[in-house]
Amino acid sequence: KGGLDERQIARSFRFVDRTGNLMVLQPDLTPAIAKVFAYQLQGTPLPLRLSYANKVVRVERSLTGEQLESNQLGIEFIGSRGLIADIEVLLIVLEALEKMGLEHYQLNVCDHRIAKLLLSTTGAPGRICDEVRQAIIARDCDAVREILGGLGARLTYVEAVAILAELREGDEQI
């Protein structure tokens, strides 16, 4: 159980072995990677790039409570921060998706620093920034252009923000 929070434990498939020990099938690999770094890789020169792939099993809280097995692929970039590190990780992900032969996929980036930085260049007030963020989440680049264009923001900045709503597949967009 070490390394998992209560939410992860609730999503775990658990059973008792023949000797009475509680066993948990791995619901997420990320905590295990963090543990390896904390206990075995301390002192390793940074930045450290790790990748992993394995099956995970989760019991999702659904109407049926069925067990779900899937593959988890991950990369961790430890010891480096900032936009360059983020872009390196994104490029690795895009290369891996391409090598797997996937033609259609959606990549959701959960770090809003890029959008926040670009939005700040437009001079848009907070209420307008909220509208633009919603348009980006909805992947509505036309709405982004309309909202920011109506403010008289420079076209270069408007297009830079609109691109965030268009990112769907392929490394040619980055």
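One can find the structure itself at the top, above this paragraph.
Note that the structure is a prediction, hence the values are computed from the model and not measured.

Peer 1: How should I be thinking about the packing of helix H5 (residues 126–137) against helix H6 (residues 141–150) in this particular structure?
Peer 2: Packed helices, taken two at a time, are described by their axes: the angle between them and the distance between them. Running from N to C, H5 and H6 cross one another at 165°; their axes reach a closest spacing of 8 Å. Accordingly, the angle class assigned to the pair H5 and H6 is roughly antiparallel. In this structure, H5 crosses over H6, and the sense of that crossing is left-handed. Contacts from Ile128, Glu131, Val132, Ala135 and Ile136 of H5 reach H6 at Ala143, Val144, Ile147 and Leu148. In the contact of H5 with H6, the residues fall into 8 nonpolar, no polar and 1 charged.

Peer 1: Is there a simple way to think about the environment of Ala85 in this case?
Peer 2: Residue placement: Ala85 occurs in helix H3 (residues 83–99). On the basis of relative accessible area, Ala85 is assigned to the buried category, the value being 6%. Placed 38 residues apart in sequence, Ala85 and Pro47 show a C-alpha to C-alpha distance of 9.5 Å.

Peer 1: I tried to follow the packing of aromatic side chains on my own but got confused; where do I start?
Peer 2: How two aromatic rings sit relative to each other is given by the distance of their centres and the angle of their planes. As enumerated under the stated definition, the model contains 1 aromatic pair in all. For the pair Phe13 and Phe15, a centre-to-centre distance of 6.3 Å together with 45° between the ring planes defines the contact as tilted. On the accessibility criterion, Phe15 (36% relative accessible area) is partly exposed.

Peer 1: What is the right way to look at the nonpolar core in this model?
Peer 2: A general feature of soluble globular proteins is that nonpolar side chains tend to end up buried together. In terms of nonpolar packing, the biggest core is built from 18 residues, with Leu119, Ala124, Val132, Ile136, Val144, Leu148 and Val161 touching the most fellow members. Those elements giving two or more residues to this core turn out to be helix H4 (113–122), H5, H6 and helix H7 (155–166). If near-sequence neighbours (up to four positions away) are discounted, Ala124 is found in contact with Leu119, Cys129, Leu148 and Leu151.

Peer 1: Would you take a moment to explain the pattern of salt bridges for this structure?
Peer 2: Any two side chains of opposite charge can pair if their charged atoms end up close together. Summed over the entire model, instances satisfying the criterion amount to 6 salt bridges. Two residues, Lys99 and Glu95, come together in a salt bridge whose shortest N-O distance is 3.2 Å. On the criterion of helical spacing, the pair formed by Lys99 and Glu95 is a turn pair, its members being 4 residues apart in helix H3. Here the salt bridges share partners, and the residues they tie into one network are Asp142, Arg145 and Glu159.

Peer 1: Before we go on, may I ask you to explain unusual backbone geometry in this structure?
Peer 2: Excluding glycine, residues mostly carry a negative phi; peptide bonds, for their part, are mostly trans. Between Leu46 and Pro47 the backbone carries a cis peptide bond, its omega angle lying at 5°. Here Pro47 shows up in the loop between helix H2 (30–40) and strand S3 (48–59). Unlike most non-glycine residues, Arg139 shows phi in positive territory, near 55°. Overall, the relative accessible area of 14% leaves Arg139 in the buried class.

Peer 1: Hey, could you run me through H5 in this one?
Peer 2: Turn by turn, an α-helix covers 3.6 residues, leaving residues three or four places apart pointing in a common direction. Taking 1.5 Å of rise per residue, the 12 residues of H5 would be expected to cover 16 Å, and the 16 Å separating its terminal C-alpha atoms lies within 8% of that figure. Those residues of H5 that fall on the buried side of the exposure criterion are Ile128, Cys129, Val132, Ala135 and Ile136. With its buried residues spanning 120° around the axis, H5 presents them on a single face. Exposed and facing more than 90 degrees away from the buried side of H5 are Arg127, Gln134 and Ile137. Among the structural elements, H4, H6 and H7 are those in contact with the buried residues of H5.

Basis of the calculations
- Residue positions are counted from 1 within each chain, in the order its sequence is given.
- At least 70 in pLDDT is required for a residue's local features to be given in this predicted model, at least 80 for side-chain atom pairs to be given and counted, and no such filter applies to totals for whole chains, interfaces and linings, which use all residues.
- Side-chain measures were taken over the full set of non-hydrogen atoms in the model, leaving aside hydrogen atoms and water.
- Here the axes come from fitting lines to C-alpha atoms, over the contacting stretch only for helices, and the angles between their N-to-C directions go from 0 to 180 degrees.
- Runs of H or I in DSSP of at least four residues are treated as helices and runs of E of at least two as strands, each being numbered from the N terminus.
- Angles below 35 degrees are treated as roughly parallel, those above 145 as roughly antiparallel, those between 65 and 115 as roughly perpendicular, and all remaining angles as oblique.
- In a left-handed crossing the near helix is turned counterclockwise from the far helix by less than a right angle, and in a right-handed crossing that turn is clockwise.
- Contacts were defined at the residue level, with two residues in contact if any of their heavy atoms lie within 4.5 Å.
- Residues are grouped as follows: Ala, Val, Leu, Ile, Met, Phe, Trp, Tyr, Cys and Pro are nonpolar; Asp, Glu, Lys and Arg are charged; every other residue, Gly included, is polar.
- When a residue's accessible area, from a 1.4 Å probe over protein chains only, is under 20% of the maximum for its type it is buried; when over 50% it is exposed; and in between it is partly exposed.
- Pairing of aromatic rings covers Phe, Tyr and Trp, the last through its six-membered ring, and needs centres within 6.5 Å; plane angles under 30 degrees mean stacked, over 60 mean edge-to-face, and all others mean tilted.
- Buried Ala, Val, Leu, Ile, Met, Phe, Trp, Tyr and Cys residues form a nonpolar core when they are joined through side-chain atoms within 4.5 Å.
- By convention in these notes, a salt bridge is any Lys or Arg side-chain nitrogen within 4 Å of a carboxyl oxygen on Asp or Glu.
- The span expected for a helix works out to 1.5 Å for each residue beyond the first.
- It is the directions from the helix axis to the C-beta atoms whose arc is reported.

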